[in-house]
Amino acid sequence: MPGKRTRAVRTTGLLAGLAAVCALAAPAGAVTGGAAADGAYAFTAKITVGDRAGCTAVLVDPQWLLTAASCFADDPSHMGSPITPGPPDVATTATIGGDLGSAAGHVLAVTELVPRTDRDLVMAKLSARVTDIAPALVATTAPVAGEQLRVAGYGRTRDEWVPDKLHTGIFGVGTVEQGTVSVTAGEGSALCKGDSGGPALRETGGTTELVALHSQSWQGGCFASDETRTGAVETRLDNVASWIQQIRALPQNFQTASGDFNGDGRQDVAAFYDNGTSPEGKNRSSIYAFLSNGTGFAAPQLAWSTPGGFTWRSSKLTSGDYNGDGKDDIGVFYDGGSSDTGAVSSVYTFTSAATATTAVFSAPKKVWTTTGGFTWDASKVTSGDYNGDGKDDIGVFYDSGSSPTGAMSSVYTFTSNGAGMTAHKAWTTTGGFTWDASKVTSGDYNGDGKDDIGVFYNSGTSADGKAMSALYTFTSNGADMTAAKTWSTPGGFTWAAGQVTSGDYNGDGKDDVGVLYDTGASTDGVPTTSLYTFTSTGTVFGAPVRMWTSTGAFSWNKSQVTSGDYNGDKKSDVGVLYDAGQTPDGRRLNSLFTFRSTGATLQAPVRNWTGSVH
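All of these numbers come straight from a predicted model, not from anything done at the bench. (Residues numbered from 1 in each chain as written. Predicted model: local features only at pLDDT ≥ 70, side-chain atom pairs only at ≥ 80, totals over all residues. Heavy atoms only, no water.)

Caption draft 1: Fine view of the packing of aromatic side chains. Here the structure, examined in full by the defined rule, presents 43 aromatic pairs. For the ring pair W368 and F374, a centre distance of 5.6 Å and an interplane angle of 80 degrees mean the geometry is edge-to-face. The same class applies to W368 and to F374, which are both buried. Relative to F474, the ring of F397 lies with its centre 5.7 Å away and its plane at 65 degrees, an arrangement referred to as edge-to-face. (Phe/Tyr/Trp six-rings, centres within 6.5 Å; stacked < 30°, edge-to-face > 60°. Buried < 20%, exposed > 50% of the residue type's maximum accessible area, 1.4 Å probe, protein only.)

Caption draft 2: The arrangement of the state of the cysteines in detail. The final tally for this structure, using the stated rule, is one disulfide. Each sulfur of the disulfide joining C55 and C71 lies 2.2 Å from the other. Across the S-S bond linking C55 and C71, the dihedral sits near -115 degrees, which makes this disulfide left-handed. Of the two residues, C55 is situated in strand β2 (residues 53-61) and C71 in the loop between β3 (64-67) and β4 (92-96); the sequence distance between them amounts to 16 residues. Considered together, C55 and C71 belong to a single accessibility category, that of buried residues. (Disulfide = S-S within 2.5 Å. Helix = DSSP H or I, 4+ residues; strand = E, 2+ residues; numbered from the N terminus.)

Caption draft 3: Spotlight on empty space enclosed by the protein. Taken as a whole and judged by the stated rule, the model has one cavity of 30 Å³ or more. Taken as a whole, the largest cavity holds about 30 Å³ of empty space. What lines the largest cavity is R129, D274, G276, N283, R284, S285, F310, T311, W312 and R313. When residues of the lining of the largest cavity are traced back to their parent elements, those giving at least two are β15 (268-277) and β16 (283-290). Here the element with the most residues in the lining of the largest cavity is β16; it accounts for three residues. Considering only residue class, the lining of the largest cavity consists of two nonpolar, four polar and four charged. (1 Å grid on protein atoms, 1.4 Å probe; cavity = no way out; pocket = protein on both sides within 12 Å on 5 of 7 lines; lining within 4 Å. Points joined across faces, edges and corners; volume = space filled by probe spheres on them. Nonpolar A, V, L, I, M, F, W, Y, C, P; charged D, E, K, R; others polar.)

Caption draft 4: Main features of the sheet that holds strand β17 (residues 301-305). Within the open sheet, the four strands sit side by side as β14-β15-β16-β17. Their pairing is antiparallel. Taken across any chain shown, the strands that pair with only one partner, and hence form the sheet edges, are β14 (254-259) and β17. Put simply, the sheet's adjacent strands are angled 25 degrees from each other on average, direction ignored. Of the pairings in the sheet, the one linking β14 to β15 comprises six bridges and is antiparallel in character. Residue pairing in the sheet places Q255 in a bridge with F272 of β15. Lying on the sheet, helix α2 (residues 241-249) is in contact with β15 and β16; it crosses β15 at an angle near 135 degrees. (Pairing = 2+ DSSP bridges. Axes fitted to C-alpha atoms, helices over the stretch in contact; angles between N-to-C directions. Contact = heavy atoms within 4.5 Å.)

Caption draft 5: Seen up close, the nonpolar core. Among the nonpolar cores identified, the biggest contains 46 residues, and L65 and L210 are the most heavily contacted of them. Broken down by secondary-structure element, the contributors of at least two residues to this core are β1 (44-49), β2, β3, β4, β5 (106-115), β6 (122-126), β12 (207-217) and α2. Counting residues per element, this core draws most heavily on β2, which supplies five residues. Not counting residues up to four positions away in its chain, the partners in contact with L210 are V58, V60, L66, A136, L137, V138, A139, P199, A200, L201 and L237. The next biggest cluster of nonpolar side chains, apart from the first, holds 19 residues, and it includes F310, V332, Y334 and A359. (Core = buried A, V, L, I, M, F, W, Y, C linked by side-chain atoms within 4.5 Å.)

Dropping the structure here:
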């Protein structure tokens, strides 16, 4: 069965035999019982760990698998070989749904590992969600001696080295320990190499529960094995069901924005987290706020959460004072699916009820929706007071398809009246402006009291092969917008390497543009990042000035950039919410960095906080 081994078993006579077996190579294969019916046990996955192991796994969440930690061990003969939390050390893929030899199902990368230290168990995060296969239900009651469990796996069979189909068999429960369950094969069944991490299932009353995962086996009856013993050791799951649910519900992906959420004249930072799914399968989200104290930030506070029903991956985050009360709110442009008349999108606002020291947002209120015809996937979202009435609005840069003259883009403003919003097309092109080549931000670039929209644009490559970029401003007259190119480079500034933001970094009353820039790796392989500002003259932007370059490891692709006046000195600063990895028990670590403005420059980043919000 398993090709790798990391955890000790509390039966020394069995242990020696299993260790020798596990030290052998582990190509893909399956349980020696019969092939599963088409579509049965579709939550069972095949794991491929580089070129060194093939194992089985179980989908227990749209984005999480359970499998054996031993599948990822470098040294299967070393009983204490640890598994490091974080990304796998070699490329790992999971195939879920459909026979392995067919085009059906999903083939996804494994991006993160969260191991247990007390048993042969790891949770593996997928690069994307699997929404068309129901996850397995983890049992909450222990197996008992004599109970019959159905096992499944993609390991070797009696006569196949690398079968394409999932196979199943029946095993009986023997001894139940704190972390393990011993089982004995029924007639014609065995667990073989490649089955490690596969499910042992309780099937009663039409319900299937995941009781354990395959860990070790004598492999009697397996292809190319002379062994006659068919016993096996399973990893028990019912007494770690709460841990599994905890990992499922951890903050995963995040989005960030800045705003003065408590109205004290200093802008704060908010993070919108994906909290996975509830036990009932409902999507969960939360908002945490870092309130500025003028010199730094307080630890993040949970300002809103839902037990289910608001989907993070359907949300695009922005912020602004939508009701004009002096406290910034959170806005979410939301994917409402589709109707008979086309794609449905909505705007929700989370109104701030924060005090000087406490961050609170109200439940989301739908302030605009369409019955069809406005596509969320075609929208890039920002916020600003585009009509100068003291209440912020939402701007959407929209993919309008193509015309005979080229790609078409539009700007829509969703104007706030304090209680709701009204959509208006403020600009469009007849062709030649590509939505996919645009990154969107907002600021009052000419200092007239009305915010404008800025677009950092991919202008392709020059004749000598250099990357070309440009800045466009869509200047508001209070109702509509007029587009103009306000900066461009003949080459050497790469659009794909930039994250764009806006703020008045020199305090002159006109907003500027900031770009957090990926400067690649240093000579010793360390990722480096730079920060550039483009200063507004009121009509155009000056050439980018590099304000900072990291001297140590600072990963651009782990950063989300935002801007705000965090100390209340009337000059905008730059903030970065940074993915700092995870704790040993799988909690996400974030760091909050700020680049403070002196008016002439932006200082090197100061780390204001590192930790986990759960």
